[in-house]
Every structure is written in C-alpha cells, then in structure tokens.
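Residues per chain are reported as follows:
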Amino acid sequence: MSTTMLNFTDDLTDYLRTRGLRDSALLAELRRETGELPRSQMQISPEQGALMANLVRMLGARKTLEIGTFTGYSALVVALALPEDGKVIACDVSEEWTDIARRYWEEAGVASRIELHLRPAVETLDELLGQAAGNFDFVFIDADKSNYDAYYERSLKLVRSGGVIAIDNVLWSGTVIDDRHQDEDVNAIRALNDKIANDERVDISMVPIGDGLTLAVKR
C-alpha cells in the first residue's frame, strides 16, 4: 500500500495503458498524428481521456462543453461516451488544428454530436450564458491559462448542480510549487488553484494524472 503517488516508470505507464483502459486504433492514430506537431504536448494522455469518458458516462451527461479543442482528442473521447442525442460544444481559435479534429470526428461517426465554435472562447461562453445557463453536465477547460479564471467563473454558471468542471494543467509540470517560475501562465494557474481550494460553491479533487486535473463538482 502507498499513501503517496507512485513513481510511474515507462514500464509501469505501459502496463497502465494496456490494462487500465480500452484504446481504439482511431484514438491511437490521432495521438500519433498529433505527436508529430510542434505543440504535441498540448494533447491529453489516453488515461486522462478514459477517465473523462467514464465521468461523462457516470454523470449520464447529454450536454458538455469543451474550452480548448486542439486536434480533437478530448472532444472525441467525450463524444464517443455520449448517447446519440448528446452534444459537445467545442471552443477553439485554430482552424488548422481543428481541421485535423474534424477528420477524426467524421471517421468516428460522431461529427454530428460536436458543435465547433472558432472564435475566442469567452465570446462563445457569454453567448451560451444567455441561452443555456445551468444546462451543461460536464465542462473541460484546457485553453490559454491567462483566461482560466474567466473560463471557470462562466463554467460555474453554465454547469448544473452536480455537474463537473474538469480543469487541465493545474500542476503545470510541477512549476506551481517553484517560486522561481513567475510567468503569466503559472501565476494564473496558481491563482485559480488557490481560489478553487477555498471555493464553497464546489467540491473538489485534484487528480495527479497527466499535468494535473482538478475535478470541481458544483454544489
């Protein structure tokens, strides 16, 4: 037994990925293609994708929101976990990256479940607040860190009571505890982590998966 996190060697990570989740050839191919991009580190890990898919299933989610889509992996795993009438509202600003996403969504047969908005996410969220406040079951935040607080506050209004907001990169490669790092991104993440730790509007669990994932359940 261990009271702390395990040290994941490459061999143990391989074991986790062969025994701890069910992958598909299409998801693996999307990871491979994305891995060739200059900013491939922005893609979530397969174990995080599997966790998010199961959260969506456990919630019985039908309406989800994604802030930051990149090449579409997280939107794809969520869409595959939704019922046929489920919907992912996906926000991004890059046509180049999301063109890759669209190809895989089409091939997986879930393109009709994903509604992509190509503009600054705050604009989309503000529009949704006038239409669907309190109607989302699950939100995934994985975009520009300087706007994390704005995304979190709007997501709290958009998600229903009992719904989940998942916030990625909350450990930022461990730099959140290193005062030598004072750039805008890490300071924005620190500020939001401090805020959520004391936010009585949610119940929280920071999961040491990938680059750190906070799960905030709206009360």
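Just above sits the structure.
Predicted, not measured: the structure shown is a model, and the values here were computed from it. (Residues numbered from 1 in each chain as written. Predicted model: local features only at pLDDT ≥ 70, side-chain atom pairs only at ≥ 80, totals over all residues. Heavy atoms only, no water.)

> Would you mind showing me how to read the packing of aromatic side chains here?
The geometry of an aromatic ring pair comes down to the distance between the two centres and the angle between the two planes. Counted under the stated rule, the structure contains one aromatic pair. A ring pair is formed by Phe 70 and Trp 97, whose centres lie 4.9 Å apart and whose planes are at 85°; its orientation type is edge-to-face. Of this pair, Phe 70 sits in the loop between β1 (63–67) and α4 (73–81) while Trp 97 sits in helix α5 (residues 95–108), and the two are 27 residues apart along the sequence. Just as Phe 70 is buried, Trp 97 falls in that class too. Positioned above the aromatic ring of Phe 136 is the side chain of Lys 63, whose terminal nitrogen or guanidinium carbon lies 5.0 Å from the ring centre. (Phe/Tyr/Trp six-rings, centres within 6.5 Å; stacked < 30°, edge-to-face > 60°. Helix = DSSP H or I, 4+ residues; strand = E, 2+ residues; numbered from the N terminus. Buried < 20%, exposed > 50% of the residue type's maximum accessible area, 1.4 Å probe, protein only. Lys NZ or Arg CZ within 6 Å of the ring centre and 35° of its normal.)

> For this particular structure, what's the right way to read the nonpolar core?
Note on soluble globular proteins: their nonpolar side chains tend to be buried together. Of all hydrophobic cores here, the largest spans 34 residues; its most connected members are Val 78, Val 88, Trp 105, Ile 114 and Phe 138. With seven residues, α4 is the largest single contributor of residues to this core. The residues contacting Trp 105, other than those within four sequence positions of it, are Thr 69, Gly 72, Ala 75, Leu 76, Val 110, Ala 111, Ile 114 and Leu 116. Residues Phe 136, Ala 143, Val 159 and Ile 165 belong to the second largest nonpolar core, which totals 25 residues. (Core = buried A, V, L, I, M, F, W, Y, C linked by side-chain atoms within 4.5 Å. Contact = heavy atoms within 4.5 Å.)

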